[in-house]
Amino acid sequence: MSPSLTVRRITADQGAVFRELRTASLREAPYAFGATLEDALSADAASFDATAAQHEVSLSVGTFILYTEGHPAGLIEAHFDDTAARRAFVCELWVAPAVRHLRGGELLVDTASNWLAGAGAVEIYAWVADANRTAMRFYEALGFGPAGEHRRGARAPEQAESLLVRHVTAASQAHQS
Ligand SMILES: CC(C)(COP(=O)(O)OP(=O)(O)OC[C@H]1O[C@@H](n2cnc3c(N)ncnc32)[C@H](O)[C@@H]1OP(=O)(O)O)[C@@H](O)C(=O)NCCC(=O)NCCS
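Residues numbered from 1 in each chain as written. Predicted model: local features only at pLDDT ≥ 70, side-chain atom pairs only at ≥ 80, totals over all residues.

The chain has the name Ribosomal protein S18 acetylase RimI in an unreviewed UniProt entry, where Paraburkholderia susongensis is given as its organism.

A. How the structure looks around the sheet that holds strand E2 (residues 61-68). Taken in spatial order, the seven strands line up as E1-E2-E3-E4-E5-E7-E6 in an open sheet, and their pairing is mixed. What marks the edges here is a single partner per strand, and that holds for strand E1 (5-9) and strand E6 (145-152). Neighbour-to-neighbour, the strand axes of this sheet turn through a mean angle of 25 degrees, independent of strand direction. Direction of pairing for strand E4 (residues 88-95) relative to strand E5 (residues 123-129): parallel, over a ladder of two bridges. Residue pairing in the sheet places Ala88 in a bridge with Ile124 of E5. (Pairing = 2+ DSSP bridges. Helix = DSSP H or I, 4+ residues; strand = E, 2+ residues; numbered from the N terminus. Axes fitted to C-alpha atoms, helices over the stretch in contact; angles between N-to-C directions.)

B. Representation of the site of the ligand within the structure. Near the ligand there are 19 residues, and of these Ala32, Arg100, Gly105, Glu106 and Ala141 occur at the shortest range. Mapped onto the shell around the ligand, the elements with two or more residues apiece are E4, helix H4 (104-118) and helix H5 (133-141). For the shell around the ligand, the leading source of residues is H5, giving five residues. Looking at the shell around the ligand, its residues break down into ten nonpolar, five polar and four charged. (Near = placed C-beta within 6 Å. Nonpolar A, V, L, I, M, F, W, Y, C, P; charged D, E, K, R; others polar.)

C. Summary view of helix H1 (residues 15-28). With 14 residues, H1 should reach 20 Å at 1.5 Å per residue; the first-to-last C-alpha distance of 20 Å fits that figure. For H1, every residue scored as buried is listed here: Phe18, Arg19, Leu21, Arg22, Ser25 and Leu26. Those residues of H1 that are buried are in contact with helix H2 (37-42), helix H3 (45-57), E2, strand E3 (71-80) and E4. (Expected span 1.5 Å × (residues − 1). Buried ≥ 20, exposed ≤ 12 C-beta atoms within 10 Å, placed from the backbone. Contact = placed C-beta atoms within 7 Å.)

D. Local environment of the nonpolar core. Phe64, Ile76, Val90 and Ala112 are the most contacted members of the largest nonpolar core, which totals 33 residues. Mapped by element, the contributors of at least two residues to this core are H1, H3, E2, E3, E4, H4, E5 and strand E7 (160-167). In terms of residue count, E4 provides more of this core than any other element does, six residues in total. If near-sequence neighbours (up to four positions away) are discounted, Val90 is found in contact with Ile76, Ala78, Val109, Ala112, Ser113, Ile124 and Ala126. (Core = buried A, V, L, I, M, F, W, Y, C linked by C-beta atoms within 7 Å.)

E. Region of interest: the pairing of E4. For E4, the tally of buried residues reaches seven of eight residues, placing the bulk of the element in the interior. Once the chain exits E4 it traverses H4 before rejoining the sheet at E5, and the crossover so formed is right-handed. (Right-handed = clockwise from strand over helix to strand, strands pointing away.)

F. Just the pairing of E7, in detail. Bridge count for E5 against E7 is seven bridges, and the pairing is antiparallel. Considered in E7, the bridge of Glu123 is made with His167. Bridging between E6 and E7 involves five bridges; their strand directions are antiparallel. The partner of His150 across the bridge, within E7, is Ser162.

G. Highlighting unusual backbone geometry. Positive phi, close to 65 degrees, is recorded for His101, a residue that is not glycine. Within the secondary structure, His101 sits in the loop between E4 and H4. For Arg103, which is not a glycine, the phi torsion comes out positive at approximately 75 degrees.

Structure, rendered in structure tokens:
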């Protein structure tokens, strides 16, 4: 039987859980993120506490945690950027290998997208490394398509990243199919 998966927004007392998930993601999938494991390991506990506290209540950024049978098993960040367009992004997505292919990633993206849509977003963006074929196929399966923007990777400038976008209405339709 598949484990039950749930997603909840982070709370201020989850700095240690946040640190654990972030370091696990950077250790397991370093190719997928701009930060390094060393960055996360060298940051002090208080900075994770501060981020958890901000991401619980902020109107422009939130972190959402995936649980399997009550145990933290993944995460995603949702935020509005600070440009005039105030574009809505999901990022820092990671699901623990033991619970992949059970739709935890989909649940995280949909929960984060719903939160952004509730705050006014009509399009949800995600930067994905071109070499991360799994993530590309994952986002495409969820109805994301190319937004036409490309950039150099934050950590590895020789590795290109592409911007993907999903319209909020497309997400609702994908839910119904
Ligand atoms: C990408 C990731 C979050 C997917 O999480 P997941 O919980 O396994 O994804 P889901 O079970 O919700 O998958 C939904 C769909 O995405 C697609 N998908 C997921 N993993 C895939 C893979 N390895 N290859 C091809 N398609 C895949 C499938 O269409 C899948 O539906 P299906 O299981 O019916 O075939 C996970 O593989 C991960 O954490 N990878 C490492 C970190 C990373 O790359 N993050 C993204 C940074 S941009």
